[in-house]
Amino acid sequence: MLISLGDFIHMESASQTKASEIFRANGGTLRTSQILRLGIHPRTLYQMRESGRVIQLSRGVYRLADIALLANSDLATAAIRVPNGVVCLVSALSFHEITSEIPHEVYLAIPTGKEKPKVDFPPTRVFHFSSDSYSAGVEELQMGGNPIKIYSKEKTVADCFKFRNRIGLDVAIDALRQCIRKGGSRSKIMDFSRICRVENVIRPYLEAT
């Protein structure tokens, strides 16, 4: 059966629309391995890149072009959707302005043993924290008329070292340096590092900062 040019163009457009939805549902930024695993054909990806629908950030890393950078309002939205969630890690670093990272998801902590919530928007990444770590260093703020819970900058630095294998040691080290440079408390960082059981990991970096 022959396919007309019009039908072919329509099929390609539909494929790109579906691929855009997959990008959006997975935070907007994906690696090539994730893209293929999620069912996006390489031809569709290349067409989206050529048309400007996705941006190649680096080798093998693509971001949906029209996805907006997360604003503080998204933190409030996520807090409403996940009442027991605490803004953590890269999202908390960004809020405290002690990172060079640009989060495209809201990072939330929930207690160990709790089921991960299903949040359709904003893009959300959930981490399980142990009881002591979950309750330590929480600050409560009002944002857009909504209460949200977020970890203090010192607690967030300790958390980043705790989850360094998932967010990157370089992110944790940079956060530590920026935190100290902007007046963060060394003693509080060490106190929280004991709770997170990363005291021996963080001490050499703290002493060198």
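The shown structure was predicted, so the numbers you read here are calculated from the model rather than taken from an experiment.

We now examine helix α7 (residues 153-162). Each full turn of the α-helix corresponds to 3.6 residues, which orients residues three or four apart in the same direction. Counting buried positions over the 10 residues of α7 gives 8, a clear majority of the element. All buried positions along α7 are accounted for by Glu154, Lys155, Thr156, Val157, Ala158, Asp159, Cys160 and Phe161.

Right, let's get into the environment of Ser33. Mapped onto the fold, Ser33 is located in helix α2 (residues 32-37). Ser33 sits in the partly exposed class, given a relative accessible area of 47%.

Moving on, we get to the confidence of the model for the chain. Chain-level pLDDT for the chain is 86 on average; 88% of the residues reach the 70-or-more range. Low pLDDT, under 50, characterises residues 1-10; the predicted model gives this stretch 2 contacts beyond four residues in sequence or across chains.

Two numbers describe how helix α5 (residues 89-96) lies on α7: the axes approach to 9 Å, and their chain directions differ by 145 degrees. The crossing of α5 and α7 is left-handed. Residues Leu89, Ala92, Leu93 and His96 of α5 form the contact with α7, whose own contacting residues are Lys153, Thr156, Asp159 and Cys160.

For the rest of this paragraph, the subject is the packing of aromatic side chains. Scanning all chains against the criterion turns up 5 aromatic pairs. Considering the side-chain rings of Phe127 and Phe163, the 5.4 Å spacing of their centres and the 75 degrees angle between planes classify their relative orientation as edge-to-face. Placement of Phe127 in strand β6 (residues 124-129) and of Phe163 in the loop between α7 and α8 (164-167) is noted, with a sequence separation of 36 residues between them. By the burial criterion, Phe127 is buried, and Phe163 matches it. When the centroid spacing of 5.1 Å and the interplanar angle of 20 degrees are considered together, the rings of Phe129 and Phe163 count as stacked. One end of the pair, Phe129, is in strand β6; the other, Phe163, is in the loop between α7 and α8, and 34 residues separate them in sequence. Members of the aromatic cluster, joined through ring pairs, are Tyr107, Phe127, Phe129, Tyr151 and Phe163. Lys155 extends its terminal NZ or CZ atom over the ring of Tyr151, reaching a point 3.9 Å from the ring centre.

What follows covers the pattern of salt bridges. If the charged atoms of two oppositely charged side chains come close together, the side chains can form a pair. If you walk through the whole model with that rule in mind, you get 5 salt bridges. Measuring nitrogen to oxygen at the nearest pair gives 2.9 Å for the salt bridge that ties Arg194 to Asp191. Taken as a pair, Arg194 and Asp191 lie in helix α10 (residues 186-195) at a separation of 3 residues, close to a single helical turn. Residue classification places Arg194 among the partly exposed residues on the basis of a relative accessible area of 43%. Judged by its relative accessible area of 42%, Asp191 is partly exposed. When salt bridges that share partners are traced, they join Asp191, Arg194, Glu199 and Arg203 into one network.

This part is about the nonpolar core. When a protein is soluble and globular, its nonpolar side chains tend to lie buried together. Ranked by size, the top nonpolar core spans 33 residues in total, and within it Cys88, Leu89, Phe129, Val157, Phe161 and Leu176 carry the most contacts. Listed by contribution, the elements that provide at least two residues to this core are α5, β5 (106-111), β6, α7, α9 (169-181), α10 and α11 (199-207). Ranked by the residues each element gives to this core, the list is headed by α9, at 7 residues. In contact with Leu176, other than residues within four places in its own chain, are Val157, Phe161, Ile189, Ile202, Tyr205, Leu206 and Thr209.

Reading guide: rules and limits
Residues numbered from 1 in each chain as written. Predicted model: local features only at pLDDT ≥ 70, side-chain atom pairs only at ≥ 80, totals over all residues. Heavy atoms only, no water. Buried < 20%, exposed > 50% of the residue type's maximum accessible area, 1.4 Å probe, protein only. Helix = DSSP H or I, 4+ residues; strand = E, 2+ residues; numbered from the N terminus. pLDDT = per-residue confidence, 0-100. Contact = heavy atoms within 4.5 Å. Axes fitted to C-alpha atoms, helices over the stretch in contact; angles between N-to-C directions. Left-handed = near helix turned anticlockwise from the far one by under 90°. Phe/Tyr/Trp six-rings, centres within 6.5 Å; stacked < 30°, edge-to-face > 60°. Lys NZ or Arg CZ within 6 Å of the ring centre and 35° of its normal. Salt bridge = Lys/Arg side-chain N within 4 Å of Asp/Glu carboxyl O. Core = buried A, V, L, I, M, F, W, Y, C linked by side-chain atoms within 4.5 Å.

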